[in-house]
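# An overview of the molecular structure
One-letter residues, chain by chain:
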Amino acid sequence: MPPDNRSLTGKAWVFGDEVNTDVLAPGQYMSGSIPNLAKHCLESVDPDFAANVRTGDIVVAGENFGVGSSREQAVEVLRALGVSAVVAKTFGGIFFRNAYNLGLYAIVCGEADQIQPGDILSVNAAAGKITVSSRKLALTCDPVPAFLLEMAEQGGLIAGLEARLSARGGKNST
Amino acid sequence: MGQTLAEKIIARAARRKSVSPGEIVTCQVDLAMIHDSGGPRRVAPLLKRLGVDVWDPDKIVLVSDHFVPAEDEISKSILAQTRDWARINAIKNFHDLEGICHVVLPERGHLKPGMFVAGGDSHSPTGGAFGCFMFGVGATDMGGIMATGETWIRVPATIRIDLDGELEKGVSAKDINLALCGRLGMGGAKYQVVEFSGNGIASLSMEERMTLCNMTAELGAMTGIIAPDDVTQTYLDRVGADWAGGGDWRSDPGASYLEHHRLDLNALEPQVAAPHSPANAAPVTNMGNARIDRAYIGGCTGAKLGDLHMAADILKGKKIAPDTRLMVVPASTRALAETKADGTHAILSDAGATFVASGCGICAGYVGDLLGENEVCLSTTARNFQGRMGAASSEVYLASPYTVAASAIIGRITDPREFLKAQDDAS
Ligand code: SF4
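Residue indices follow the written sequence of each chain, beginning from 1 at its first position. Note on labels: chains are lettered from A, ligands numbered from 1, in written order. Owing to the predicted nature of the model, reporting of local features is limited to residues with pLDDT of at least 70; listing and counting of side-chain atom pairs is limited to 80 or more, with chain, interface and lining totals taken over all residues. Values reported for side chains reflect all heavy atoms of the structure, with hydrogen atoms and water molecules removed beforehand.

## A word on the domain arrangement of chain B
Residues and elements named next belong to chain B. Segmentation of the chain into domains, including their bounds, is taken from an automatic or database domain assignment. Assigned domains within chain B: domain 1 (11–264) and domain 2 (272–426). The C-alpha-based centres of domain 1 and domain 2 are spaced at 24 Å. Both sides of the domain 1 and domain 2 interface together cover about 3200 Å² of buried area, and 62% of this is carbon and sulfur. Here, a salt bridge means any side-chain nitrogen of Lys or Arg that lies within 4 Å of a carboxyl oxygen of Asp or Glu. At the boundary of domain 1 and domain 2, one finds 3 salt bridges. N or O atoms within 3.5 Å of each other form a polar contact, as long as, within protein, one can give a hydrogen and the other can take it, and as long as residues adjacent in sequence are counted only when both atoms are side-chain atoms. Counting the contacts that link domain 1 with domain 2 gives 18 residue pairs in polar contact (both at pLDDT 80 or more). For helices the rule is a DSSP run of H or I covering at least 4 residues; for strands it is a run of E covering at least 2, with both sets numbered from the N terminus onward. For the side of domain 1 that touches domain 2, the elements supplying multiple residues, two or more each, are α4 (101–107), α6 (173–184) and α7 (206–214). Throughout, buried area stands for the accessible area (probe radius 1.4 Å) lost by two parts on being put together, summed over both.

## Observations concerning the site of the ligand
All names here are of chain B. Here a residue counts as near a molecule or strand whenever at least one of its heavy atoms sits within 4 Å of it. Taken together, H66, I100, H102, D121, H123, G299, C300, C360, C363, A364 and R388 form the complete shell of residues around the ligand. A 1.4 Å probe that fits into a set of points on a 1 Å grid over the protein atoms alone but cannot get out defines a cavity; an open set with protein on both sides within 12 Å along at least five of seven lines defines a pocket, and lining residues are those with an atom within 4 Å of a point. Any molecule with more than half of its atoms within 2 Å of a cavity's or pocket's grid points is regarded as sitting in that cavity or pocket. Of all the cavities here, the one that holds the ligand is the largest cavity. Taken together, domain 1 (11–264) and domain 2 (272–426) each give at least three residues to the shell around the ligand, which thus spans both.

## Structural notes on the packing of aromatic side chains
Each Phe, Tyr or Trp ring (for Trp, its six-membered ring) is paired with any other whose centre lies within 6.5 Å, and the angle between the two planes then decides the class: stacked below 30 degrees, edge-to-face above 60, tilted in between. Here the structure, examined in full by the defined rule, presents 14 aromatic pairs over all chains. Ring geometry for A:F65 versus A:F91: centroids 6.1 Å apart, planes at 75 degrees, classification edge-to-face. Residue A:F65 is located in the loop between β2 (58–61) and α4 (73–80), and its partner A:F91 is located in the loop between β3 (85–88) and α5 (93–101); the two are separated by 26 residues in the primary sequence. The structure contains a cluster of three or more aromatic residues connected by ring pairs, namely A:F65, A:F91, A:F95, A:F96, A:Y100 and A:Y105. If you follow A:R97 out to its NZ or CZ, it ends over the ring of B:W152, 4.2 Å from the centre. Cation over ring: B:R238 sits above B:Y235, and NZ or CZ is 5.1 Å from the ring centre. Both a distance and an angle decide whether a charge sits over a ring: NZ of Lys or CZ of Arg must be within 6 Å of the ring centre and within 35 degrees of the ring normal.

## Comments concerning the confidence of the model for chain B
Confidence of the prediction at every residue is given by pLDDT, a number between 0 and 100. Taken residue by residue, chain B gives an average pLDDT of 96. The fraction at 70 or more is 100%. With a pTM of 0.94, the predicted complex shows an ipTM of 0.89.

## With respect to the side chain of B:T414
Within the secondary structure, B:T414 sits in the loop between α13 (401–410) and α14 (417–426). For B:T414, the side chain forms a polar contact with the main-chain oxygen of B:R412, separated by 2.6 Å.

## What about empty space enclosed by the protein?
Grid points are joined across faces, edges and corners, and a volume is the space filled by probe spheres set on the points. Counted according to the given criterion, the structure contains 3 cavities of 30 Å³ or more. In this structure, the largest cavity spans a volume of roughly 330 Å³. For the lining of the largest cavity, the secondary-structure elements that each account for two or more residues are β2 (31–35), α5 (139–148) and α9 (299–302) of chain B. By residue number, the principal contributor to the lining of the largest cavity is α9(B), which donates 3 residues. Charged residues are taken to be Asp, Glu, Lys and Arg, nonpolar residues to be Ala, Val, Leu, Ile, Met, Phe, Trp, Tyr, Cys and Pro, and polar residues to be all remaining types, Gly included. Considering only residue class, the lining of the largest cavity consists of 12 nonpolar, 15 polar and 6 charged. Two domains each donate at least three residues to the lining of the largest cavity, and these are domain 1 (11–264) and domain 2 (272–426) of chain B. Considered as a void within the structure, the second largest cavity measures approximately 180 Å³ in volume. Secondary-structure elements contributing two or more residues to the lining of the second largest cavity are α5 of chain A together with β6 (133–136) of chain B. Counting residues per element, the lining of the second largest cavity draws most heavily on α5(A), which supplies 3 residues. Taken together, the residues of the lining of the second largest cavity break down into 9 nonpolar, 9 polar and 1 charged.

Shown next, in the form of structure tokens:
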């Protein structure tokens, strides 16, 4: 389950613009397991990231994060490494959908470039606020729409569907 | 108020009279496309977890193309798993090793104007060439679609791009795409719809329109779309797609657009995108004759039958440079068969091309003869992100089939119009 959106707190790992899906989930490792693929997440831009990122940490980036392929392993490897949220100026459209589908918060923040590596961020997804208490910084983000928050809080699209299908007794497997 | 083509299709799929950009609606999917990478191996566990079967096996098209050529055990087992799933779920539209999904779908008549189609691949906008609203989704979204036959979308605004005039010989749709990537950037279309219109559309073949819509993905669009016309009808008739026209599948005159751009096709020069982004595009004449190790004519963007014809126009009676390799990966087995029948295959082989089995090949960077350390490749594919086609130190430039073929002859990035001019002078 993803952490409660009202208390998303973690250390910032800062990247640039257009961090694409091939960088997040390199093709050469796509046939293997998620834990193995995760070891190579972002390695071409920061070879130390995968080994050093910790549970609850937050990835911060510029424009068009997750641009490229529809492969949602780009989200899964971040989740596998413990990343709780990605804060970026803008996102690739498919990545954004995939993120909430898998319970990863994708926060659109036009002021993301004020965040520095190692900052401890507190993210309020519903209100669209990020605070960096050590530097007395308060950043404004796009508030996450209620239906996406609900999806993330439920643990993603499939968990939500599971609840819906069982509510209407719709399981039809043999 | 008038509606755009995309809005009309979404409204129909959402069983509404009209929709407006920004609204969130639930749509019924007319067709869902999945492939071996994002398909069965990822979707089957989701369906199992939900305890349901696929909502309608006849509305699913399954294509094995990504782990092709399957040279290792894992790739082979993924393809085997895909076959098993197709059989168990009675998927009659299963295209196994017949080529790349975005090319196989239209070739087999699966796409018709007005359809709302979800594709489990980011280049699904290709289908927009047929007046479909076809967009790419990830595997979890696809799991939801397979279970219920529906999906939510936030209605995208539409950006209109008018193409004026006609392309010079040696310039192609790929050059239009690259020029737009250079001009608008990879985030230019922020998950909106790019609708191509204008008098320049009429002269573009369906395959060229597919290329145009395909690379709206590189503009960050949700999809691209082109209203159907006589060229569309002729193509659909040829592939037996059973579309008798009808349906008001064009934008209303009063439709509202978020942005409006124009591109003069007559003035467009061949374009090349430098490593590592399609947005690094500039006229070929600015590329300083960069040296290449490998020329790659492949992918859904750049190896359809028409793309292979462009390459053959340049390579006819020529030989590639001795220290350059030319790999040709026809986008479908049907395209391959046609190149054999019409002499294109012989022209490319005689020039020194090595043919590889139809599929995504090294475009996805999954399997096959990937780029080595520091290798420089000029490719007809859609993306040149760092490390995509092999080693992180490799470099990929993007261009049209004309430009890639001409550059293979010289071993350096070359303006293809020089070759066509020389041919004209000689004849
Ligand atoms: S050819 Fe390349 S761009 Fe096209 S579907 Fe395959 S991997 Fe994607």
